Amino acid sequence: MSPLILAAILSFPLALEAAEPFRIEVMERGSGWPVPLVELRTTHHVRFVSDNAGLIAFDLPELMHRKTWFNIVGHGYEIPKDGFGMRGVRLKPEPGQKVRVVVNRTIIAKRLGRSTGAGLFAESQKLGQDLDWSESSIVGSDSVQNAVHRGKLFWAWGDTLVPNYPIGIFDMTSATSEVQPLSSFEPPLRLRLDYFRNTNGVPRGVAMMPGSGPTWVTGYASLPDKTGEPHLVGTYRKIHNHLEVYQSGLCVWNDSKEAFEHLRVLWTKSEQGPEQPPAPDGHPAVWKDAKSKDWVLFGNPLPSLRCPATFEAWQDPATWESLTPQSSLASAVDGSQVKPHSGSIAWNSYRKRWVTVFMQTFGKPSAFGEVWYAEADAPTGPWGKAVKILTHQNYTFYNPRLHPEFTPEGSPILIFEGTYTEEFANHPEPTPRYNYNQILYRLDLNDRELAIAHEKL
């Protein structure tokens, strides 16, 4: 064997030796906060997405040591356009080196991070950080429900995706946490959830209602019975043909079995009854009226039904009262009518008013990705001027849920989350890891951009 051939063979393994990743830190201008969910896209369509710590571990061997252009897509976080209208940066990746990409926040809400799914700190872990963060065995979670029950915050999600097969869990996954689970209201978000699991340690369904097809449970509330004992309750729906509800009913959480049990059927689709009758739905809020009577209000987002805030009244349709929610709110910018689609309300002790965060019906630029904030003196309205707080570029963010329980009394910080998904958008490419998961945002109620929503109603 010639010396040249021997030298080539000996050098070949060295040529394939893996290089350290190039560390990209995505930060918000001004605050210096890390920004999750910012995409850097190469000119040959490779996509990198910042994790909950705002980090990207760039590892493309073909672009190491080369000046590389990255388009930036951030859904409310951006870089100014260049002379050709491009929003992006030119970087020269070097193994083991790092660079900071600073983006401008153009939305009022501040992104804290993703709370569900896999790889919340995947990029960080490639760079040797957050190695103690453990995976949940969940990769996608739809539409959250919450209730404070027996001193814990109960969480539940609709259709849930798992790693081992495209068909996941379709009878509600669930978890618990502390009632105030965050030690900080700044990113990176580290929300630890204690999932209900099967004997193999894998997250399981908790709402196995009779009938075929998925089960969705809504209207989570913890209500006392006549002895004062709390009961976690919900309204279930059975689904077929993708989104068609064919049955609804009531279910009650069994604390010892850690699962929902069927209580009664309310409605089954038929020629005589093609439409669901009014029933507890959406995200509940408890309200004490002028006569000091406690009511639980159900709506999505604005109240459409109420009943006395007791376990006995909740299960008796004779006590339910239908409400007519406000059909639209006036935009604070131009007075145009903004029609709510989904969301929630809550009493806010800082504003001393009721507040709502809701997704707009057929908004722009995203049909179901524009999120608004408004206030009212009473939970049934009238609601004041609406301010857009969150926007998306051809992506959906539905079923936003307020978390008033996260913050202490009188805090100006309001936390909310929603489902980030490509569903109902105009055929976007799903965002790796983030798609079909829950993302939390922070809204500072003393932000001057919200001042018009605070005006006297």
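Residues numbered from 1 in each chain as written. Predicted model: local features only at pLDDT ≥ 70, side-chain atom pairs only at ≥ 80, totals over all residues. Heavy atoms only, no water.

Student: Can you explain the sheet that holds strand 30 (residues 387–390)? Please cite residues and give values.
Tutor: If you walk across this open sheet you meet the 4 strands as 27-28-29-30, and the pairing is antiparallel. The open sheet is flanked by strand 27 (340–348) and strand 30, the only strands paired with a single partner. Each strand axis lies, on average, 30° off the axis of its neighbour in the sheet, ignoring direction. Bridge analysis of strand 28 (residues 353–360) against strand 29 (residues 371–376) gives 6 bridges, and the strand direction is antiparallel. (Pairing = 2+ DSSP bridges. Helix = DSSP H or I, 4+ residues; strand = E, 2+ residues; numbered from the N terminus. Axes fitted to C-alpha atoms, helices over the stretch in contact; angles between N-to-C directions.)

Student: Kindly report on unusual backbone geometry, identifying the contributing residues and their values.
Tutor: Each neighbour pair has its own omega, and for Asn 300 with Pro 301 the value is 10°, a cis peptide bond. Despite not being glycine, Met 172 shows a phi value in the positive range, around 70°. By the secondary structure assignment, Met 172 is in the loop between strand 14 (165–169) and strand 15 (173–177). Under the relative-accessibility criterion, Met 172 is labelled buried at 1%. Not every positive phi belongs to a glycine, and Ser 292 is a case in point at roughly 65°. The exposure class assigned to Ser 292 is exposed, which follows from its relative accessible area of 51%. (Buried < 20%, exposed > 50% of the residue type's maximum accessible area, 1.4 Å probe, protein only.)

Student: Can you tell me about the side chain of His 403, naming the residues and giving the values?
Tutor: By secondary structure assignment, the location of His 403 is in the loop between strand 31 (396–402) and strand 32 (413–421). His 403 gets classed as buried once you look at its relative accessible area, which sits at 0%. Apart from residues lying up to four places away in sequence, His 403 is in contact with Asn 146, Trp 155, Ile 415, Phe 416 and Glu 417. (Contact = heavy atoms within 4.5 Å.)

Student: Give me the pairing of strand 8 (residues 98–105): which residues, what numbers.
Tutor: Pairing of strand 1 (residues 22–28) with strand 8 involves 6 bridges; the strand directions are parallel. Note on strand 8: the bridge partner recorded for Met 27 is Val 102. Relative to strand 8, strand 6 (residues 77–78) runs antiparallel, the two being bridged by 2 bridges. Counterpart to Tyr 77 in the pairing with strand 8 is Arg 105.

Student: Account for the confidence of the model for the chain, naming residues and giving values.
Tutor: Do not read the fine detail of predicted coordinates wherever pLDDT is low. Averaged over every residue, the pLDDT of the chain is 95; the share at 70 or more is 96%. Confidence over residues 12–16 falls short of pLDDT 50; this stretch has 0 contacts with residues more than four positions distant or in other chains. (pLDDT = per-residue confidence, 0-100.)

Student: Describe the side chain of Arg 351, and please don't skip the residues or the numbers.
Tutor: Residue placement: Arg 351 occurs in the loop between strand 27 and strand 28. Engagement of the side chain of Arg 351 in a polar contact is seen with the side chain of Glu 375, the distance being 2.9 Å. Ignoring sequence-local partners within four residues, the contact set of Arg 351 consists of Tyr 373, Glu 375, Leu 445 and His 454. (Polar contact = N/O pair within 3.5 Å; in protein donor to acceptor, adjacent residues only side chain to side chain.)

Student: How would you sum up the pattern of salt bridges? Please name residues and give values.
Tutor: Inspection of the entire model under this criterion finds 24 salt bridges. One salt bridge connects Glu 321 with Arg 306, and the closest N-O pair in it is separated by 2.9 Å. Here Glu 321, found in strand 24 (residues 321–322), pairs with Arg 306, found in strand 23 (residues 303–308); they are 15 residues apart in sequence, far enough to count as distant. Using a relative accessible area of 19% as the deciding quantity, one classes Arg 306 as buried. By sharing partners, the salt bridges in this structure join Arg 351, Arg 353, Glu 375 and Asp 377 into a single network. (Salt bridge = Lys/Arg side-chain N within 4 Å of Asp/Glu carboxyl O.)

Student: Quick one: what's the story with the sheet that holds strand 33 (residues 437–444), residue by residue and with numbers?
Tutor: Two orientations exist for strands paired in a sheet by backbone hydrogen bonds: parallel and antiparallel. The sheet built from 4 strands is open, its strands ordered 9-33-32-31 with antiparallel pairing. In the strand order of this sheet, the two ends are held by strand 9 (110–114) and strand 31, each with one partner. Strand-to-strand twist of the sheet, defined as the mean angle between neighbouring strand axes without regard to direction, takes the value 30°. Alignment of strand 31 against strand 32, held across 5 bridges, turns out to be antiparallel. If you follow Tyr 398 over to strand 32, its bridge partner there is Thr 419.

Student: Can you break down the packing of aromatic side chains residue by residue, with the values?
Tutor: If you walk through the whole model with that rule in mind, you get 20 aromatic pairs. Relative to Trp 354, the ring of Trp 347 lies with its centre 6.0 Å away and its plane at 70°, an arrangement referred to as edge-to-face. Given the relative accessible area of 43%, Trp 347 is considered partly exposed. Under the relative-accessibility criterion, Trp 354 is labelled buried at 6%. The rings of Phe 154, Phe 196, Tyr 220, Trp 253 and Phe 260 are connected pair by pair, giving a single aromatic cluster. Lying across the ring of Tyr 434, Arg 114 places its NZ or CZ 4.7 Å from the centre. Seen from the ring of Trp 295, Arg 306 lies directly overhead, with NZ or CZ sitting 3.6 Å from the centre. (Phe/Tyr/Trp six-rings, centres within 6.5 Å; stacked < 30°, edge-to-face > 60°. Lys NZ or Arg CZ within 6 Å of the ring centre and 35° of its normal.)

Student: Describe the nonpolar core, listing the residues and the values that go with them.
Tutor: The biggest cluster of nonpolar side chains holds 47 residues, and the ones touching the most others in it are Ile 24, Phe 58, Tyr 373, Ile 389, Phe 416 and Leu 443. Each residue touching Leu 443, except ones within four places of it in the same chain, is listed here: Ile 108, Ala 109, Tyr 373, Ile 389, Pro 412, Ile 413, Leu 414, Phe 416 and Leu 450. In terms of nonpolar packing, the next biggest core, distinct from the first, is built from 19 residues, Val 144, Ala 175, Phe 185 and Leu 189 among them. (Core = buried A, V, L, I, M, F, W, Y, C linked by side-chain atoms within 4.5 Å.)

Student: Please set out the environment of Leu 440 residue by residue, giving values where relevant.
Tutor: Looking at where Leu 440 falls in the secondary structure, it is placed in strand 33. Separated by 39 residues in the primary sequence, Leu 440 and Arg 401 have C-alpha atoms spaced 9.3 Å apart. Aside from chain neighbours lying at most four places away, what touches Leu 440 is Lys 110, Arg 111, Leu 112, Gly 113, Ser 115, Leu 189, Phe 406, Ile 415, Phe 416 and Glu 417.

Student: An account of the layout of surface pockets is requested, with residue identities and associated values reported.
Tutor: Empty space among the atoms can be located by rolling a probe the size of a water molecule over them. Taken as a whole, the largest pocket holds about 1300 Å³ of empty space. Among the secondary structure elements, those contributing two or more residues to the lining of the largest pocket are strand 11 (144–149), strand 17 (215–224), strand 18 (230–240), strand 19 (244–254), strand 23, strand 27 and strand 31. Considering every element that reaches the lining of the largest pocket, the biggest residue donor is strand 18, with 4 residues. Tallied by class, the residues present in the lining of the largest pocket amount to 19 nonpolar, 18 polar and 6 charged. (1 Å grid on protein atoms, 1.4 Å probe; cavity = no way out; pocket = protein on both sides within 12 Å on 5 of 7 lines; lining within 4 Å. Points joined across faces, edges and corners; volume = space filled by probe spheres on them. Nonpolar A, V, L, I, M, F, W, Y, C, P; charged D, E, K, R; others polar.)

Student: Requested: an account of the state of the cysteines, with residues and values cited.
Tutor: Overall, the coordinates contain 0 disulfides when judged by the stated rule. Considering cysteine sulfurs only, Cys 307 is the nearest to Cys 251, which forms no disulfide, with 15 Å between them. When its relative accessible area of 0% is taken as the criterion, Cys 307 is described as buried. (Disulfide = S-S within 2.5 Å.)

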